[in-house]
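Okay, here's what each chain looks like letter by letter:
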2 protein chains.
Amino acid sequence: MARRRKDLAPEDLLETRKKIVATAHRLFMELGYRAVSTRVIAEACGLTQPALYHHFADKQELYLEVIREILAKNGQALERIRQREEPLEQRLRRAAAYLLLHAPPNMNIMFHDMRHELDEASRAAVHEWFRQGFVGPLASLFGEGQREGRLRGLEEGGADPFSSAFLLLSISRSMLSTDLDKDKTGEGLDGQREQAALERAALIVDILLHGMVRRTGENAG
Amino acid sequence: MARRRKDLAPEDLLETRKKIVATAHRLFMELGYRAVSTRVIAEACGLTQPALYHHFADKQELYLEVIREILAKNGQALERIRQREEPLEQRLRRAAAYLLLHAPPNMNIMFHDMRHELDEASRAAVHEWFRQGFVGPLASLFGEGQREGRLRGLEEGGADPFSSAFLLLSISRSMLSTDLDKDKTGEGLDGQREQAALERAALIVDILLHGMVRRTGENAG
DNA sequence: CCTACCGATCGGTAGG
DNA sequence: CCTACCGATCGGTAGG
């Protein structure tokens, strides 16, 4: 016979928690911390607002869980790309394509919320997740390129690996446009989105590595 | 004898309005639209909250005035840089330095607020101010470079002038760091800030034009 | 997991 | 330009 609501199994509790996190993820990333009320989150999950406080101590803790999940997932994917046995430029293209498709489209909102809505301890934690988990793999790629002499080092007018990683991140975000938008979630369009992202990524990496200046003579390509 | 409060001169009205706009400018750009209450703005001006509604119909209209002023001022400065009789690269460096020092440090917050807090008509207006007034002069610089054959055109793997302008904008914002922060407003430090911005701008434009790849042979710098 | 409720704060209005 | 006030909404708690 069906379980009464009172004695929920632990799996159901976990299911509810996952649903809350997924819903909060979607809303926080689209609208920002302040613009998303706990009531809206709860109702989108089929719950009343006080029920959220059974799973999370407060709104900030739910937000932190969302951020942690995003940064961990992105960081792991970028680390897998870094470890591929492919030329540096190809891995950079894959990383850029991944960022176009899967990174939070409005990462600056995330930073803004971190700065103004989190207490000092949480802010420090997120900063560490971001720097190590997320930017780390990208910075390693650029560091590798510099050590192998492919990329300009600091003494040759280049940027340090972390700044380079930020640069790739910013450029990718600035090159996001509607044709890569997640909302166009038609089944067969996923392949098209990925194809478009790969082409965009190739352009981004080409400009980042070789610049906008027109090449004359042997360097043209 | 002193004027009674009841019959304020038009100049005083204008002064108060200017003060409101300047205060709102500072707060909106730092904290975003929603996070700044009309009460906080009013009290920072030495007024009560309902007094704001004598100068602006509602909060959104005040926000629009702030945005309009920022984009117009930035756009005019960039247009003056574009018209200078200097090599393209030098003008790009000046533009990047200007963006580092004077552009809204959190332009993505501005975009986010536009998207989610303004009605359709206002959003369209701001979009036009941004595209024509602000990005226009930058795009013209890149268009000039492409016409003169200095920069890669679309058919050579380059980006169109507007995308190029966005790129310069994003890179400049991603290269903002604390040593260029406006809050360090010590008198004699203004020169240092400008010097630091010019150096940063040179690095930005160098990477944007020539890329991160290490040059071997005659192209080395 | 719910109902019922708290104090605080929001943007905006009435009326002078 | 002020005092006084409105309805709506916020994050969070009490108690079951």
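Residues numbered from 1 in each chain as written. Chains lettered and ligands numbered in written order. Predicted model: local features only at pLDDT ≥ 70, side-chain atom pairs only at ≥ 80, totals over all residues. Heavy atoms only, no water.

Enquirer: Can you break down empty space enclosed by the protein residue by residue, with the values?
Expert: Within this structure, the stated rule accounts for six cavities of 30 Å³ or more. One number sums up the size of the largest cavity: a volume of about 150 Å³. Residue lining of the largest cavity: 18 residues in total, with Arg34, His112 and Asp113 of chain A together with His112 and Asp113 of chain B positioned closest to the centre. For the lining of the largest cavity, the secondary-structure elements that each account for two or more residues are helix H6 (107-117) of chain A together with helix H6 (107-117) of chain B. Here the lining of the largest cavity is composed, by residue class, of eight nonpolar, four polar and six charged. (1 Å grid on protein atoms, 1.4 Å probe; cavity = no way out; pocket = protein on both sides within 12 Å on 5 of 7 lines; lining within 4 Å. Points joined across faces, edges and corners; volume = space filled by probe spheres on them. Helix = DSSP H or I, 4+ residues; strand = E, 2+ residues; numbered from the N terminus. Nonpolar A, V, L, I, M, F, W, Y, C, P; charged D, E, K, R; others polar.)

Enquirer: Describe in detail the packing of aromatic side chains, supporting the description with residues and values.
Expert: Scanning the model with the defined rule gives twelve aromatic pairs over all chains in all. Measuring from centroid to centroid gives 5.0 Å for Phe111 of chain A and Phe130 of chain A, while their planes differ by 90°, and the two rings are edge-to-face. Placement of Phe111 of chain A in helix H6 and of Phe130 of chain A in helix H7 (residues 120-147) is noted, with a sequence separation of 19 residues between them. Residue Phe111 of chain A is classed as partly exposed on the basis of its relative accessible area, which comes to 26%. Geometrically, the ring pair formed by Tyr33 of chain B and Tyr63 of chain B is edge-to-face, given 5.0 Å between the ring centres and 75° between the ring planes. In this pair, Tyr33 of chain B sits in the loop between helix H1 (10-31) and helix H2 (38-44) while Tyr63 of chain B sits in helix H4 (residues 59-82), placing the two residues 30 residues apart along the sequence. The class for Tyr33 of chain B is buried, based on a relative accessible area of 8%. Chaining the aromatic ring pairs together yields one cluster made of Phe111, Phe130, Phe134 and Phe166 of chain A. Here the basic side chain of Arg131 of chain A rests over the ring of Phe162 of chain A, its NZ or CZ set 3.8 Å away from the ring centre. (Phe/Tyr/Trp six-rings, centres within 6.5 Å; stacked < 30°, edge-to-face > 60°. Buried < 20%, exposed > 50% of the residue type's maximum accessible area, 1.4 Å probe, protein only. Lys NZ or Arg CZ within 6 Å of the ring centre and 35° of its normal.)

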